[in-house]
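Structural features, examined
Here is what each chain is made of, one letter per residue.
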Amino acid sequence: YRLQKFLLKSEHLHYGLFEPDISVDISNLKAAQDRYLQRLAEVIPAGTKTILDVGCGSGKTAEYLIERGYSVECVSPGKRLTAIASARLDGQARFYCGRFENLSFPSRYDLILFSESFQYIPMATALAKSISILNPAGHILICDFFKTARDGESPIRGGHDFDHWCETYPLYPLDIV
C-alpha cells in the first residue's frame, strides 16, 4: 500500500484493467485502476443497494461505490489495512475484521463483491457462505484471476484453477450472467 501510494500515486490495491487504449506499463497503472472501477460499476446489476466488499483493501473501491449511492459493508482481514480503510470511509461503512470464511454477518446483501479476493478463500467456502448471506435474487460478483491451462507463463500468477471453477459452480444454485 505504501509503495503504491507514494511511488505510484495510487491507493488502489488491485491490478487494474489494461485495455487496448491503456498499454501495459507501470506508468499507466493509475489509469488502468480507474478503468477497473468504471467497469466494475457498469456490471453491478440494476436494483443493487447493499454490497459486501470482501477483502476491501484500502477502502478505495468501497469509497467509489458509496459515492455512487450504494450501502457498503467491508470485510478486512488485516489490522493495518482495516485502519486505513476505516479512516478513509469515516463511519460510512461497517467493518467486519477477520477472514470472510470465519465471520458471521447479521445482514443480507444484494451483492457480494470479491475484488481480487476470491482467490484467497477456498472456492466452495466462498460460494456457500456468499449464498447464505445473499438477499433473494442477489448476486456474487467475482473480479479476480483464474489459472488456466495454456502455453506460456503469465506475468501475474495466482487464482483458483478455472477448470475447477467450471466444475464447482454448477453444484450451487448459481447462474452465470
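First things first, this report covers the structure right here in the doc. This one's a predicted model, so the numbers in the text were calculated from it and none came from an experiment.

Rules of the game
- Residues numbered from 1 in each chain as written.
- Predicted model: local features only at pLDDT ≥ 70, side-chain atom pairs only at ≥ 80, totals over all residues.
- Heavy atoms only, no water.
- Salt bridge = Lys/Arg side-chain N within 4 Å of Asp/Glu carboxyl O.
- Helix = DSSP H or I, 4+ residues; strand = E, 2+ residues; numbered from the N terminus.
- Buried < 20%, exposed > 50% of the residue type's maximum accessible area, 1.4 Å probe, protein only.
- Core = buried A, V, L, I, M, F, W, Y, C linked by side-chain atoms within 4.5 Å.
- Contact = heavy atoms within 4.5 Å.

**Observations concerning the pattern of salt bridges**
A complete count under the given rule lists seven salt bridges for this structure. Between Glu42 and Arg39 there is a salt bridge whose closest N-O contact spans 3.5 Å. You can see Glu42 and its partner Arg39 sitting in helix α2 (residues 29-43), three residues apart, about one turn around the helix. Relative accessible area serves as the criterion here: at 54%, Glu42 is assigned to the exposed category. Between Glu67 and Arg68 there is a salt bridge, and its shortest N-O distance comes to 3.5 Å. Residue class for Glu67 comes out exposed when judged on its relative accessible area of 57%. The partly exposed category is assigned to Arg68, whose relative accessible area is 43%. Three or more residues are tied together by salt bridges with common partners; here these are Lys60, Glu63 and Arg88.

**Observations concerning the nonpolar core**
Within the largest apolar cluster, 21 residues are counted, with the highest numbers of intra-cluster contacts made by Ile51, Leu65, Val72 and Cys74. Elements with a minimum of two residues in this core: α2, α3 (60-67), β2 (71-76), α4 (79-89), β4 (109-115) and β5 (134-143). Counting residues per element, this core draws most heavily on α3, at four residues. Setting aside residues no more than four positions away along its own chain, Ile51 makes contact with Ile44, Leu65, Tyr70, Ser71, Val72, Glu73, Tyr109, Leu111 and Leu113. Of all hydrophobic cores here, the second largest spans 19 residues; its members include Leu103, Phe114, Ile121 and Ala126.

**What about the environment of Val54?**
Inspection of the secondary structure puts Val54 in strand β1 (residues 50-54). Along the primary structure Val54 and Arg99 are separated by 45 residues, whereas in three dimensions their C-alpha atoms are 8.9 Å apart. Setting aside residues no more than four positions away along its own chain, Val54 makes contact with Val75, Phe100, Ile112, Leu113, Phe114, Ser115, Ser117 and Ile121.

**Overview of α3**
Taken residue by residue, α3 has Thr61, Ala62, Tyr64, Leu65 and Ile66 as its buried positions. Check the buried side of α3 and you find it contacts α2, β1, β2, α4 and β4. Positive phi shows up at Gly69, right after α3, with a value of about 95 degrees.

**What about unusual backbone geometry?**
Within the chain, Asp90 stands out as a residue other than glycine whose phi angle is a positive 40 degrees. Along the chain, the position of Asp90 falls in the loop between α4 and β3 (94-97). Judged by its relative accessible area of 64%, Asp90 falls in the exposed class. For Glu116, which is not glycine, the phi torsion reads 60 degrees and is therefore positive. Along the polypeptide, Glu116 turns up in the loop between β4 and α5 (123-132).

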